[in-house]
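Working through the structure, step by step
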Amino acid sequence: MSLSAPTHGGMPGGILQRLMRTPGLRRLRGSRALLVGLLLLAAVVAVALSAGLFYPGDPRDMAGPAGTWPGADARFPLGTDMLGRDMAAAMAHSAGTSLTVGIAAAALALLVGIAAGVLAGYFGGAVDDVLMRISELFQTMPSLLFTIILVVILGPTTASISFAIGITAWPQIARLVRAEAVRVRRLDYVDAAVTLGMGHGRIVLLHVLPNSLAPVVVAASILVAQAILSDASLSFLGLGDPNGMSWGSMVGAGRPMLRTAWYMTALPGGAIFLTVMGFMLIGNGLNDLLNPRTPVR
Amino acid sequence: MPTSLRYVFRRLVQALPMAFAIVLLNFLLLKLTPGDLADVIAGESGSATPEFMENLRRLYGLDIPVHLQFVNYIQGILHFDLGYSFRQGMPVGELILERLPATILLSLTAILVALVIGVLLGVVAARSRGSLLDEAISVVSTMGFATPLFWVGLMLIVLFSIELRWLPSAGMVTVGADYRGLWDEWLDIGRHLVLPAVTLSLFFLSIYVRITRSAMLEVYGLDFVRTARAKGLTEARVVIRHVLRNALLPIVTVTGLQLGAIFGGTVVVETVFGWPGLGRLAQEAVFSRDVNLLLGIFLCSSFIVIVVNLAVDLLYAALDPRVEVRQ
């Protein structure tokens, strides 16, 4: 057992060590993207959590005169839509929906992707072949179309949308994890574990899995970004959860008013952009920070 | 050339299981859909007796075991019989063929736009590596990736169609236009093509910038580039003939790999711009919950991705002598 001790919690330890070793210049650059990303994310989370506090009523209720431009009425800083609903309230309440779907879909993709990747990388052979062919299938087909079909068949709920997005996104994670698992599998401590008579399950869970997760950290954040974008596209196409509000459906609803009131489209779209950008920047920042091959600029 | 012919054959054989898997997936989705064809027809006609439903099921082969239905399904696909869209009142195969050219035109134009601008920006970024310009290009390409395409499209409409009135906002041709010749018509289509193509190109643009930049940085330090410089070639010639040429291979590969994603992009972009292609057809099918039509589009676009990737692989083997054509 003592042989495996240094590898326990390999992932966080590894990150910390790399952070310590990072030259000051690169750390600064990495953390700038990371900082902006984290600030954006914090802002979105704050809005999502406080939406009920500042706008306790139903955001779908009429609140004032329809089509008030942002800034025209102090009660409605972001204006009202074509039905007189408060844009700010609707957007604040939508933040939670987007984050929920994005994180749930990413979590599913991570779960399936990590499991498939570790199994394929550790066992190799036929298991690897089958799992990689399946992941190729998912990477070949137009995934947004597949997601759309699943949502149409299952019916648009937050759960089915998250499922349909997550189930198409796992192959990229599986490939990353597989590559790491193939590498880790050949290391001495895995041989040592085999010699000690450990079973496959224990070796995979205790040794291969924790040491194959480093590249997933960066990918996870990009994954959430992609999932939020897919969710926005679905809502825009009219496949969002009809019981909730979302930025994508607000853009879709504002579309007929484009000529006279483009702010109804611009504002929720901008919210999607800032949220996705937040996750992308976190991913980029982490990548600069963690990837030892990133050139010092 | 028997060796390369054998390579072509081997790649063809490799593509077949993928095609079969797509067909199987499509069939499973069809079976997963609540309500079968008989329900759809009965629903369209208003009312139905159990006997009528039973007759329908017999007529469409829905009363036989599932694995035999699958055999029938494959036979249908081999004859390009993808079923009937009761909402559109047309066979699914015909609908798709009718809409396909518009989507191909839009996608190819978008890829071309992205290629030209993306490679250019990538070269500039790599040449000025570490500078403010490099950083700016990197930020802009991240932004291109983070922006929802439908929103970009709508904002472009606000700017160029509504405010500036430079370009049309919807459709592929001007309604009721009276063309004086083919050139006139093409010009009109071209004007309608600008905004959707630019919108769709954004997705590829950021990918191309990244690939070009990293591929260029990778080969910049290699011996053959130093040799080229030592021979006294101009910098432009070194970049174009020696560095960029090596960056083109990953670009071709990624274009093939991302083709599935561009079909997703066309659904959104064609919806925004009313472009009469496959994506718009998919959106109409979503709107009327026409699963059969959606599955037909899914099947066809998946096949197109498989075929194009096959072509890319073969092209790759022809372009890059390092790709081994094994016996």
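Quantities reported herein were computed from a predicted structural model and do not represent experimental measurements.

Describing the overall build of chain B
Along chain B, the regular secondary structure elements total 13 helices and 2 strands. Overall size of chain B, expressed as C-alpha extent along the three principal axes, is 85 × 60 × 40 Å. When the 327 residues of chain B are sorted by exposure, 34% land in the buried category. The contacts of chain B with a sequence gap of at least 6 include a subset with a gap of at least 24, amounting to 71%.

Some thoughts on the overall build of chain A
Along its length, chain A carries 11 helices and 0 strands. Listed by position from the N terminus, the elements making up chain A come as α-α-α-α-α-α-α-α-α-α-α. With 297 residues in all, chain A has 50% of them scored as buried. Partitioning the intrachain contacts of chain A with sequence separation of at least 6 by distance along the chain shows that 73% fall at a separation of at least 24.

Structural notes on the environment of R289(B)
Residues and elements named next belong to chain B. Position of R289 relative to the elements: it lies in the loop between α12 (278-287) and α13 (291-319). Given 13 C-beta atoms within a 10 Å radius, R289 is considered partly exposed. In this structure the C-alpha to C-alpha distance between R289 and L132, which are 157 residues apart in sequence, comes to 50 Å.

What to know about the interface of chain A and chain B
Between chain A and chain B, the contact holds 36 residues from the first and 40 residues from the second. Those elements that provide at least two residues to the side of chain A that touches chain B are α4 (125-140), α5 (143-154), α9 (214-236) and α11 (263-290) of chain A. The element best represented in the side of chain A that touches chain B is α11(A), accounting for 9 residues. Its residues placed into classes, the side of chain A that touches chain B shows 25 nonpolar, 7 polar and 4 charged.

Some words on the UniProt feature "domain: ABC transmembrane type-1" (unreviewed entry) in chain B
UniProt annotation of "domain: ABC transmembrane type-1" (unreviewed entry) refers to residues 100-316 of chain B when read in the numbering used here. For the annotated span residues 100-316 of chain B, helix accounts for 82% and strand for 0% of the residues, and the straight-line distance between the end C-alpha atoms is 26 Å.

Things to note about the confidence of the model for chain A
For chain A, the mean per-residue pLDDT works out to 82, and 88% of the residues sit at or above 70. Across residues 1-14 of chain A the pLDDT falls below 50, and counting only partners more than four positions away or on other chains, this stretch makes 17 contacts in the model.

Examining the nonpolar core
Across soluble globular proteins, nonpolar side chains show a tendency to be buried alongside one another. L145(A), I148(A), A282(B), L294(B) and I297(B) are the most contacted members of the largest nonpolar core, which has 159 residues in total. Not counting residues up to four positions away in its chain, the partners in contact with L294(B) are I148(A), I149(A), V152(A), A282(B), A285(B) and V286(B).

Looking at α5(A)
All names here are of chain A. The end-to-end C-alpha distance of α5, which contains 12 residues, comes to 16 Å, matching closely the 16 Å that a straight helix rising 1.5 Å per residue would cover. Judged by how many residues are buried, α5 sits mostly within the fold: 9 of 12 residues are covered. Listed as buried for α5 are S143, L144, L145, F146, T147, I148, I149, V151 and V152.

A look at the UniProt feature "transmembrane region" (unreviewed entry) in chain B
Residue and element names in this part refer to chain B. When the UniProt feature table is mapped onto this chain, "transmembrane region" (unreviewed entry) is found at residues 12-30, 100-124, 136-162, 189-209, 247-273 and 293-319. In residues 100-124, helix accounts for 100% and strand for 0%; the two terminal C-alpha atoms are 36 Å from one another. As a span, residues 189-209 carries 100% helix and 0% strand, and end to end its C-alpha atoms are 28 Å apart.

Structural notes on unusual backbone geometry
Residues and elements named next belong to chain B. Of note, F80 is a non-glycine position whose phi angle comes to about 55 degrees, a positive value. Here F80 lies in the loop between α4 (66-78) and β1 (84-85). Given 14 C-beta atoms within 10 Å, F80 falls into the partly exposed group. You will see that R289, though not glycine, has its phi angle at about 50 degrees, which is positive.

Description of α4(B)
Taking 1.5 Å per residue, 13 residues should reach 18 Å; α4(B) reaches 18 Å between its end C-alpha atoms and fits that length. Following α4(B) by one or two positions, F80(B) adopts a phi angle in the positive range, close to 55 degrees.

Section: the packing of helix α9 (residues 223-230) of chain B against helix α10 (residues 235-257) of chain B
All names here are of chain B. In the contact formed by α9 and α10, the axes pass within 10 Å of each other and the chain directions differ by 155 degrees. In terms of orientation, α9 and α10 fall into the roughly antiparallel class. As α9 runs across α10, the sense of the crossing is right-handed. Where α9 abuts α10, its residues F224, V225, A228 and R229 lie against V238, H242 and V243. Its residues assigned to classes, the contact of α9 with α10 comprises 5 nonpolar, 1 polar and 1 charged.

Section: the packing of helix α3 (residues 87-123) of chain A against α11(A)
All names here are of chain A. Between α3 and α11, whose axes approach to 11 Å, the crossing angle comes to 35 degrees. Remark: the crossing between α3 and α11 carries right-handed chirality. Judged by residue contacts, M87, M91, S94 and S98 of α3 engage L267, P268, A271 and T275 from α11. Considering only residue class, the contact of α3 with α11 consists of 5 nonpolar, 3 polar and no charged.

A few points about the confidence of the model for chain B
Mean pLDDT over chain B works out to 83, with 92% of the residues at or above the 70 mark. Listed scores for the predicted complex are pTM 0.85 and ipTM 0.85.

As for the environment of M250(A)
Position of M250(A) among the secondary structure elements: in helix α10 (residues 247-254). Classification of M250(A) as buried rests on a count of 27 C-beta atoms within 10 Å.

Observations concerning the environment of T100(A)
All names here are of chain A. Along the chain, T100 turns up in helix α3. What makes T100 partly exposed here is the crowd of 18 C-beta atoms within 10 Å. Sequence separation between T100 and A48 is 52 residues, and the spatial gap between their C-alpha atoms is 10.0 Å.

So, how was this worked out
The residue count restarts for each chain, going from 1 along the sequence in the order it is written. Chains and ligands are labelled sequentially in the order written, the chains with letters from A and the ligands with numbers from 1. Whole-chain, interface and lining totals are the exception, using all residues; otherwise, since this is a predicted model, local features are given only for residues with pLDDT of at least 70 and side-chain atom pairs are given and counted only at 80 or more. By the criteria applied, helices consist of DSSP H or I runs no shorter than four residues and strands consist of E runs no shorter than two, each listed in order from the N terminus. Using C-beta atoms placed from the backbone, we call a residue buried if 20 or more other C-beta atoms fall within 10 Å of its own, exposed if 12 or fewer do, and partly exposed for counts in between. Working definition of a contact: two residues with C-beta atoms, positioned from the backbone, lying within 7 Å. Note on residue classes: Ala, Val, Leu, Ile, Met, Phe, Trp, Tyr, Cys and Pro are nonpolar, Asp, Glu, Lys and Arg are charged, and everything else, Gly too, is polar. UniProt positions are given in the numbering used here, feature names are shortened, and annotations may be inferred rather than shown by experiment. Predictor confidence is given residue by residue as pLDDT, running from a minimum of 0 to a maximum of 100. By convention the nonpolar core is taken to be a set of buried residues drawn from Ala, Val, Leu, Ile, Met, Phe, Trp, Tyr and Cys and joined through C-beta atoms within 7 Å. Helix span, expected: 1.5 Å multiplied by one less than the number of residues in the helix. Helix axes are fitted to C-alpha atoms over the stretch in contact, other axes to C-alpha atoms as well, and angles between N-to-C directions run from 0 to 180 degrees. Between 65 and 115 degrees an angle is taken as roughly perpendicular, under 35 as roughly parallel, over 145 as roughly antiparallel, and anywhere else as oblique. Note on convention: near helix rotated counterclockwise from far helix by under a right angle means a left-handed crossing. Clockwise means right-handed.

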